[in-house]
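# Observations on the model geometry
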Amino acid sequence: MRRAYYWDRADTRGDIRQEAGAENGMTQQTATTQTCPAVSVCAPDFDPAAVFENGQCFRWERRRDGTWSGIAHGRRLHLRKEGNRLLFLGASPEEVQTIWHHYFDLGRDYAAIRTAFARDKALARAVAFAPGLRLLRQDPWEALCSFILSQNNNIPRIKGIIDRLCAAFGAPLEDGGFAFPLPQALAELDAADLAPVRCGFRAGYVLDAARKVASGEIDLDALAALPLDKARAMLQTIRGVGPKVADCALLFGCGRLDCFPVDVWVRRILTAYYPDGFPEALRPLGGIAQQFLFHYERCHAVRRPQSAPAGGIDR
């Protein structure tokens, strides 16, 4: 059953006045003052901290006022959670419906997924810890490039590399910041051009990926529909892309929920909780499952540093 979401046009500083014309359970509201417009969406099972701080994305930051600011699909968004509602600050209802609703995967019934996962002991603990976690539906090229840069790296440094890459080669945005650079822009560069980004040995991998995507040798749009083994094999023709990076790109960029990326954290989880292998019945949603498990394990290892695996965060 498809979950219903209710949309409000609101102003977080003033009273809200409902307007006529609501249809299909959707309402548009406007505020009496327009200094801080927002679109409000009912999303009780969305926790921004669990979504943005679980290693799946690298361009979101929490601000001092509790608002989250990020850039995706060539747009900057400010987001705040108030009770059961998400406030999309400065976004139009059309942008929320056509871009952000899809990006945040708000149409997927995560309550049903959590119920299915709760039948598994390790997953039950993970979903109870972060019930507001969900996977983003990111741009395929940005996901591929980001996870190439994530190899043998930690999250703060990955964010720094991506910020520098975008500032150097991404299109400037009207409201500040830079879009993620297109593969065509990077394909024309050489390793020396990427030196200021300070991505080290990964520069050659990024350039090879950009050239293969820009030339059409790799069709990112086709990856969502290809058989999984063929999609993996296509991505692994890129220099430096192995099974883990390929699976991360497919899961986070192409919506392949049947992908189960295995890094140092997930390998330890499989050894500890699934010595006979991850349950086949959960494989169709394995990508979501591994993210719940990864987030739980990483958060608890941070609280107990002596239990963290060597090598840092291998994302």
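For the structure, see preceding data.
A brief look at the structure comes next.

Conventions and cut-offs
Residues numbered from 1 in each chain as written. Predicted model: local features only at pLDDT ≥ 70, side-chain atom pairs only at ≥ 80, totals over all residues. Heavy atoms only, no water. Helix = DSSP H or I, 4+ residues; strand = E, 2+ residues; numbered from the N terminus. Buried < 20%, exposed > 50% of the residue type's maximum accessible area, 1.4 Å probe, protein only. Contact = heavy atoms within 4.5 Å. Areas by Shrake-Rupley, 256 points an atom, 1.4 Å probe, with all protein chains shown as cover. Pairing = 2+ DSSP bridges. Axes fitted to C-alpha atoms, helices over the stretch in contact; angles between N-to-C directions. Left-handed = near helix turned anticlockwise from the far one by under 90°. Nonpolar A, V, L, I, M, F, W, Y, C, P; charged D, E, K, R; others polar. Core = buried A, V, L, I, M, F, W, Y, C linked by side-chain atoms within 4.5 Å. Salt bridge = Lys/Arg side-chain N within 4 Å of Asp/Glu carboxyl O. Parallel < 35°, antiparallel > 145°, perpendicular 65-115°, else oblique.

With that settled, consider the overall build of the chain. The secondary structure content of the chain amounts to 12 helices and 8 strands. Considering the chain as a whole, with its 315 residues, one finds that 52% of them fall into the buried category. Excluding contacts between residues fewer than 6 apart, the proportion of contacts in the chain whose partners are at least 24 apart in sequence is 68%. Accessible surface, the chain as shown: approximately 14,400 Å² in total, 51% of it carbon and sulfur.

Take the pairing of strand 6 (residues 68-72) next. Within strand 6, 5 of the 5 residues are buried, which leaves it mostly tucked inside the rest of the structure. Of the two faces of strand 6, both are covered, the one formed by Trp68, Gly70 and Ala72 as well as the one formed by Ser69 and Ile71. Strand direction decides the pairing type here: strand 5 (residues 60-62) and strand 6, joined by 3 bridges, are antiparallel. Directly across from Glu61, in strand 6, lies its bridge partner Ser69. Hairpin geometry of strand 5 and strand 6 is characterised by an intervening segment of 5 residues between the two adjacent antiparallel strands and by a positive phi of about 90 degrees at Gly66. Pairing of strand 6 with strand 7 (residues 75-82) involves 5 bridges; the strand directions are antiparallel. Within strand 7, the residue paired with Gly70 across the bridge is Leu77. Taking the residues that link successive antiparallel strands as the turn, the strand 6-strand 7 hairpin has 2 residues, and the phi of His73 there is positive, at about 50 degrees.

Turning next to the packing of helix 9 (residues 228-235) against helix 10 (residues 243-254). At a minimum axis separation of 9 Å, helix 9 and helix 10 run at an interaxial angle of 120 degrees. Here the hand of the crossing between helix 9 and helix 10 comes out right-handed. Residues Leu228, Ala231, Arg232 and Leu235 of helix 9 touch helix 10, and the partners they reach there are Ala246, Asp247, Ala249 and Leu250. For the contact of helix 9 with helix 10, the class distribution of residues is 6 nonpolar, no polar and 2 charged.

Looking at the secondary structure, you find Cys145 in helix 5 (residues 140-149). Excluding residues that lie within four positions of it along the chain, Cys145 makes contacts with Leu165, Phe180 and Val206.

In this structure, Phe117, Leu123, Trp141, Leu144, Ile148, Leu235 and Phe278 are the most contacted members of the largest nonpolar core, which totals 71 residues. Among the elements that take part in this core, helix 10 stands out by supplying 8 residues, more than any other. When sequence neighbours within four positions are dropped, the list of residues in contact with Phe278 reads Leu123, Phe260, Leu270, Arg283, Gly286, Ala289 and Leu293. Judged by nonpolar contacts, the second largest core, of 23 residues, contains Val41, Phe52, Leu79 and Ile99.

Looking now at the pattern of salt bridges. Note that side chains of opposite charge can pair when their charged atoms are close. Within this structure, the stated rule accounts for 12 salt bridges. Residue Arg114 is joined to Asp45 by a salt bridge in which the shortest nitrogen-to-oxygen separation is 3.5 Å. Within this pair, whereas Arg114 is found in helix 3 (residues 110-117), its partner Asp45 is found in the loop between strand 4 (37-42) and helix 1 (48-52), the two being separated by 69 residues in sequence. Residue classification places Arg114 among the buried residues on the basis of a relative accessible area of 18%. When its relative accessible area of 7% is taken as the criterion, Asp45 is described as buried. Note that Arg268 is salt-bridged to Glu297, the shortest N-O span being 2.8 Å. Linking Arg268 in helix 11 (residues 264-273) with Glu297 in helix 12 (residues 286-303), this pair joins segments that are 29 residues apart in sequence.

It is worth spelling out the packing of helix 5 against helix 6 (residues 155-169) at this point. Look at helix 5 against helix 6: their axes get within 10 Å of each other, and the N-to-C directions meet at 130 degrees. Classed by the angle they form, the pair helix 5 and helix 6 counts as oblique. As helix 5 packs across helix 6, the resulting crossing turns out to be right-handed. Where helix 5 approaches helix 6, its residues Cys145, Ser146 and Leu149 are matched on the opposing element by Ile158, Ile161, Ile162 and Leu165.

By themselves these figures say nothing about function.
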